[in-house]
Amino acid sequence: MEPQKPSPQPRQPEGCLVVAIRIPVRILVLVLVVPVRIAWDALVVAGRFLRDTVGRPLGRALLWVGKALFAWPFVALWRYVLAPLGTALGRLLHVLVVVPARWLHRNVLTPVGRALALLARYLLVVPAHWLRTRILAPVAGGIALALYRVLRVLIVLPALALRRRVLVPVGRILAVVAREVGEALGHAWRIAGRISRAVGRVLGTLLRWILVEPVRWAYRNVLTPVGHLVRDTVLRPAAAGARVVGRAVGEALTGARDAVRQARADVRRMLFGEPRQPVPVDRREPRGPAARTLGSSTTALTKD
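Bear in mind that the values here come from a model prediction, so they are computed numbers and not experimental data. One numbering rule holds for all chains: residues counted from 1, following each sequence as written. Local features in this predicted model are restricted to residues whose pLDDT is 70 or higher, and side-chain atom pairs enter the listing and the counts only when it is 80 or higher, whereas totals over whole chains, interfaces and linings include all residues. Side-chain measures here rest on the full set of heavy atoms in the structure, leaving out hydrogens and waters.

What follows concerns the pattern of salt bridges. We count a salt bridge whenever a side-chain nitrogen from Lys or Arg sits within 4 Å of a carboxyl oxygen from Asp or Glu. What the rule picks out here adds up to 9 salt bridges. The residue Glu213 makes a salt bridge to Arg208 at a minimum N-O spacing of 3.7 Å. Within this structure, Arg51, Asp52 and Arg56 form a network of salt bridges that share partners.

The structure is reproduced here in C-alpha cells:
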C-alpha cells in the first residue's frame, strides 16, 4: 500500500497588512515582468535554433579536433611512454628507497622510538599531568567561570533583548514582504508567459496571413499556370524547333563532309591516277583427298 500523503496544513488567516502589500506589489511586478518574459521567450527560441543549427555541429567538430590534437596524443604518450617509465621508476624507488627505509624503521627507528617514549613518559608526561590536574585545572576553571559571567552580562543578555524586541518583529515584517514579492513574481511570470504565448500566436497568424498565404496563393494560382503556359507555348515548341534545326544542321554537315571527302578523292585520282588494286591471294590451306560419301562416284554403289 502506498503511504498516505500528509494532509496540507490549513493556511493561517492573513491580516490587513498582507493584503495591502500584496495587490500593489503584484500589479507593479506584472507590469515589470511582462516585457522581460516576452524577451526571454524570444531569446529561448533563438537560442534553441542556434543550438540545433550551429552549436551542436560546431561542438562535435571542436570535440573531434580536441580529441585529435590533445586527447589521443596524450593518451598515447601516457600509455606507451609515461606509464612504462612510471612503472620502472616505481620499481627502482621501491628497491632503492622503500626496502631500506622499511629495514631502517623496523630495526633502528622502532627500538629507539620505544626507548625515547618510555623516557619521555617519565620525564614529561607524568609531570605535565600532575601540573594540569593540581594547578592549571583549578586556576583555569575559575578564570573561565569569571569570563563566562562577564560575557553573559555584557554581550549575551543585550543580544537576547535585541533579538526579542527588535530583530524578531522586523524579521517577521520582512518575511511577509519577501513572501508576497516572491508570490507576486511567480504570479506575474505565469501571466507574462500566457501573454507572451498569445503575442507569439498573434504574430504567427499575422505572418502567415500577410506573407505565407499570399505567397502560397500566388504560387498556386499565378506562377503555376504561367509556368505551365510558358512550358506548353514557348519551351516545348522551342525545344522541338531546336531539335529540328539540330537534325538539319547535322544532315547538312554530314553531306558537306561526304562532298569534301569525294572531292579530295577526285583530286587524288586526277593527280596520281587510280590506285593499284591488290591481287587477291588464295590463302586457304590445300585440301586433302575428298572423303568418300554416298553421293561420290568412287563408291561401289554409284560407280559406272
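Picking up after the structure, the text goes on.
On to the environment of Val176. Think of it this way: any DSSP run of H or I at least four residues long counts as a helix, any run of E at least two long counts as a strand, and we number them from the N terminus. Mapped onto the secondary structure, Val176 falls in helix 1 (residues 16-272). Sequence separation between Val176 and Arg22 is 154 residues; the distance between their C-alpha atoms is 9.6 Å.

Moving on: a positive patch on the surface. Residues enter patches when they are more than 30% accessible in relative terms and free of salt bridges; like-charged ones are connected within 9 Å and nonpolar ones (Val, Leu, Ile, Met, Phe, Trp, Tyr) within 5 Å. Here, Shrake-Rupley sampling with a 1.4 Å probe gives the accessible areas, and only protein chains in the shown set may cover a residue. In summary, the charge assignment counts Lys and Arg as positive and Asp and Glu as negative, without counting His or the chain termini. Every charge is mapped onto a representative atom, which is NZ of Lys, CZ of Arg, CG of Asp or CD of Glu. There is a patch of like positive charges on the surface, built from Arg190, Arg194, Arg197 and Arg201. Along the chain, Arg197 turns up in helix 1. Exposure classes here rest on a 1.4 Å probe applied to the protein chains alone. A residue is buried below 20% of its type maximum, exposed above 50%, and partly exposed in between. The partly exposed category is assigned to Arg197, whose relative accessible area is 44%.

Aromatic pairing here means that ring centres of Phe, Tyr or Trp (its six-membered ring) are within 6.5 Å. Orientation follows from the plane angle: under 30 degrees is stacked, over 60 is edge-to-face, and everything else is tilted. Considering all chains together, one arrives at 1 aromatic pair under this definition. When the ring of Trp64 is compared with that of Trp72, the centres are 6.3 Å apart and the planes differ by 90 degrees; the resulting orientation is edge-to-face. Among the residues examined, Trp64 registers a relative accessible area of 54% and is labelled exposed. When its relative accessible area of 46% is taken as the criterion, Trp72 is described as partly exposed.

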